[in-house]
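# Chains, contacts and geometry: an overview
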Amino acid sequence: MQNPAANPVPVNLKLIVYCNGIRQGGVAEWDFAWERYKESNVATEKSTLLNALSCSADVWILERYLNRALEEKSIRRQDADYVIGKVARNPIGRFIAWDFVRNYWDTIFKRYGESIFNMASLVKRLTSLKNTDFELQELKAWVEFIGDRNELGSAANAWTQAIETAGNNVKWVKDNLQTVNGWLETLAV
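Residue positions are given per chain, counted from 1 along the sequence in the order it is written. Since the coordinates come from a predicted model, pLDDT governs what is reported: local features require at least 70, and pairs of side-chain atoms require 80 or more to be given and counted, while whole-chain, interface and lining totals use all residues. For side-chain calculations, the full set of non-hydrogen atoms in the structure is used, while hydrogens and water are omitted.

### Quick notes on the overall build of the protein
Heads up, the condition is: Working definition: helices are DSSP H or I runs of at least four residues, strands are E runs of at least two. Numbering for both runs from the N terminus. Here the term buried applies to any residue with accessible area under 20% of the maximum for its type, exposed to any over 50%, and partly exposed to those in between, with areas from a 1.4 Å probe on protein chains only. It only takes one pair of heavy atoms within 4.5 Å for two residues to be counted as in contact. Counted as positive: Lys and Arg. Counted as negative: Asp and Glu. His and the chain ends are not counted at all. For this purpose, a charge sits on NZ of Lys, CZ of Arg, CG of Asp or CD of Glu.
If you tally the helices and strands in the protein, you get 10 helices and 0 strands. Listing every helix and strand of the protein by position from the N terminus yields α-α-α-α-α-α-α-α-α-α. With the principal axes as the frame, the protein shows a C-alpha extent of 55 × 50 × 25 Å. Counting every position in the protein, which comprises 189 residues, the buried fraction comes to 39%. For the protein, restricting intrachain contacts to residue pairs at least 6 apart in sequence, the fraction spanning at least 24 positions comes to 70%. Positive and negative side-chain charges of the protein, numbering 23 and 23 respectively, have mean locations separated by a distance of 4 Å.

Have a look at this one:
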């Protein structure tokens with residue numbers, strides 16, 4: 001970390017190396033990657049670093065990252081939905097991102113509500129892994145809440161599809177979890 005130029009990472013391995021370094025590391029590794037992101041002028045490097053920064057296993061670091069996603073001086077406006085979505089794909093960040101979006105909904109909707117691409121993309125990234133009855137009911141209640149406030153915006157169809165996807169995920173888990181667990185147990189023997 002002291003001299004990154006002396007230890008270059010091959011381009012095709014950067015995401016894997018960065019992500020694992022951040023996941024296995026702590027705040028020093030995350031802050032190092034954050035500084036690299038801020039200093040980089042190469043779009044692909046910036047994108048790789050934005051992705052890797054979401055790999056942290058520390059809740060507070062992921063929360064800090066999500067907060068930075070809404071600070072336009074830190075992360076470009078058009079990249080905020082990407083950051084939130086990447087944190088939502090992290091098994092640790094999944095619930096943090098969902099809570100973050102609900103807690104900062106007014107800001108997010110004001111910023112992206114009429115942008116069909118950004119909002120629909122955010123909804124998909126945020127909800128595609130929901131697979132429990134609780135998550136499905138929570139999602140339905142949220143969509144009803146923002147619908148009552150006329151805040152479905154350009155992503156109304158994305159929210160409907162999110163509910164359908166979560167319902168399908170719940171059904172798949174109910175239909176297949178026992179079989180998959182049985183199969184995995186045979187491999188452990």
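### A few points about the packing of aromatic side chains
As a reminder of what qualifies: Pairs were defined over the aromatic rings of Phe, Tyr and Trp, the Trp ring being its six-membered one, requiring ring centres within 6.5 Å. Orientation was assigned from the angle between planes: stacked under 30 degrees, edge-to-face over 60, tilted for the rest. Only when the NZ atom of a Lys or the CZ atom of an Arg is both within 6 Å of the ring centre and within 35 degrees of the ring normal do we say a charge sits over the ring.
All told, the structure shown has 10 aromatic pairs when counted by the stated rule. Their ring planes at 75° and their centres at 6.4 Å tell us that W98 and W142 sit as a pair that is edge-to-face. Of this pair, W98 sits in helix α6 (residues 93–103) while W142 sits in helix α9 (residues 133–148), placing them 44 residues apart in sequence. Pairing F100 with Y104 gives two aromatic rings, centres 4.7 Å apart and planes at 35°, and the pair type is tilted. With relative accessibility at 36%, the residue Y104 sits in the partly exposed group. Cluster of aromatic residues (ring-pair linked, three or more members): W98, W105, F109, W142, F145 and W159. The side chain of K130 reaches across the aromatic face of W98, ending 4.1 Å from its centre.

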